[in-house]
Amino acid sequence: MTRRYWNINLKEMVEAGVHFGHGTRKWNPRMAPYISEKRKGIHITNLTKTARFLSEACDLVFDAASKGKQFLIVGTKTKAADSVARAAIRARCHYVNKKWLGGILTNWSTTETRLHKFRDFRMEQKTGGFNRLPKRDAAVLKRELSHLQTYLGGIKYMMGLPDIVIIVDQQKEYTALRECIILGIPTICLIDTNCDPDLADISIPTNDDAIASIRLILNKLVFAICEGRSSYIRNP
């Protein structure tokens, strides 16, 4: 794996609140190695560990992107949704940011059928096909298209299973994580002090409830992906 310098700054992480964990009563004992102290009833994440695993994750996605691999970013909690979409679009990744529909990966044939239908609907709408239908039929198709856009819009161009999945909030996205584990798809997880660090291939200890924290970690990963993609374009 390529080792690079990703400018991961501890001061920057403190300012983003990356180090704030959950209350001491709401924690997973397996996170003990990643916690530096207790402060005013909450656990404080060891940012040196965060920097180490974030750097490893950046190395992984850089190498994968430099080989033309595909990524999926999953984060459906309301406060993370916009950051997930922006990060994914910036790095030309697929994303799910509204609701994880069970079986998106493990039942890929069904997902593929839905995506074909989604793309056909979009094309029909763009070419004015809906306008040629009776109003009631057109309204039904428009509602279905809106539903597909909401839940599958971020993966509409995904032609196969992703090579790496980045997950924001392990507990919220546990179904997505389990599907990746079943299929053997490598995962990078943002984990808070109430999570299990052993489930993902790379777990990054961080505050997964603060927008600034989520945005900072995603921005580092996205920068590494973009750098890797540039390398792939220069050296096909």
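Rules used throughout
Residues numbered from 1 in each chain as written. Predicted model: local features only at pLDDT ≥ 70, side-chain atom pairs only at ≥ 80, totals over all residues. Heavy atoms only, no water. UniProt positions renumbered as here; feature names shortened; annotations may be inferred. Pairing = 2+ DSSP bridges. Helix = DSSP H or I, 4+ residues; strand = E, 2+ residues; numbered from the N terminus. Axes fitted to C-alpha atoms, helices over the stretch in contact; angles between N-to-C directions. Salt bridge = Lys/Arg side-chain N within 4 Å of Asp/Glu carboxyl O. Buried < 20%, exposed > 50% of the residue type's maximum accessible area, 1.4 Å probe, protein only. Contact = heavy atoms within 4.5 Å. Parallel < 35°, antiparallel > 145°, perpendicular 65-115°, else oblique. Left-handed = near helix turned anticlockwise from the far one by under 90°. Nonpolar A, V, L, I, M, F, W, Y, C, P; charged D, E, K, R; others polar.

The name given to the protein chain in an unreviewed UniProt entry is Small ribosomal subunit protein uS2c, with Euonymus japonicus as the source organism. Quoted straight from UniProt, the Sequence similarities (unreviewed entry) entry for the protein chain says "Belongs to the universal ribosomal protein uS2 family."

Here 3 strands make up an open sheet; going across it, the order is 1-3-2 and the pairing antiparallel. Across the chains shown, the open sheet's two edge strands, defined by having one partner strand only, are strand 1 (20–23) and strand 2 (35–39). Averaged over all adjacent pairs, the angle separating strand axes in this sheet is 30°, with direction ignored. Looking at chain direction, strand 1 and strand 3 (residues 42–45) are connected through 2 bridges and run antiparallel. Pairing of G23 across the sheet is with I42, part of strand 3.

So, about the pattern of salt bridges. For the structure on display, the rule yields 9 salt bridges. E56 is the partner of R52 in a salt bridge, and the nearest nitrogen-oxygen pair spans 3.5 Å. Taken together, the positions of R52 and E56, both in helix 2 (residues 47–66) and 4 residues apart, correspond to about one turn of that helix. Since its relative accessible area comes to 47%, R52 is described here as partly exposed. On the basis of relative accessibility, which here comes to 22%, the residue E56 falls in the partly exposed class. Residues joined by salt bridges that share partners form a network here, namely K77, D169, D208 and D209.

The strands that make up a sheet are held in pairs by hydrogen bonds between backbone atoms, and each pair lies either parallel or antiparallel. Reading across the sheet, the 5 strands line up as 5-4-6-7-8 and stay open at both edges, with parallel pairing between neighbours. Edge positions in the sheet fall to strand 5 (94–96) and strand 8 (202–205), since each has one partner strand and no second. Going across the sheet, the axis of each strand differs from the next one's by a mean of 15°, ignoring polarity. When strand 6 (residues 164–168) meets strand 7 (residues 187–191), the two strands line up parallel, connected through 4 bridges. Bridging across to strand 7, I166 finds its partner in I188. Of the strands in this sheet, strand 4 (71–74), strand 5 and strand 6 touch helix 3 (residues 78–90), which is tilted by about 170° from strand 5.

What follows covers the packing of helix 4 (residues 108–126) against helix 5 (residues 135–152). Where helix 4 contacts helix 5, the two axes come as close as 10 Å, and the packing angle between them is 125°. By the angle between their axes, helix 4 is oblique relative to helix 5. Here helix 4 runs over helix 5; the crossing is left-handed. Touching R114, L115, K117, F118, F121, R122 and Q125 of helix 4 are L141, E144, L145, L148, Q149 and L152, all from helix 5. Split into classes, the residues belonging to the contact of helix 4 with helix 5 amount to 7 nonpolar, 2 polar and 4 charged.

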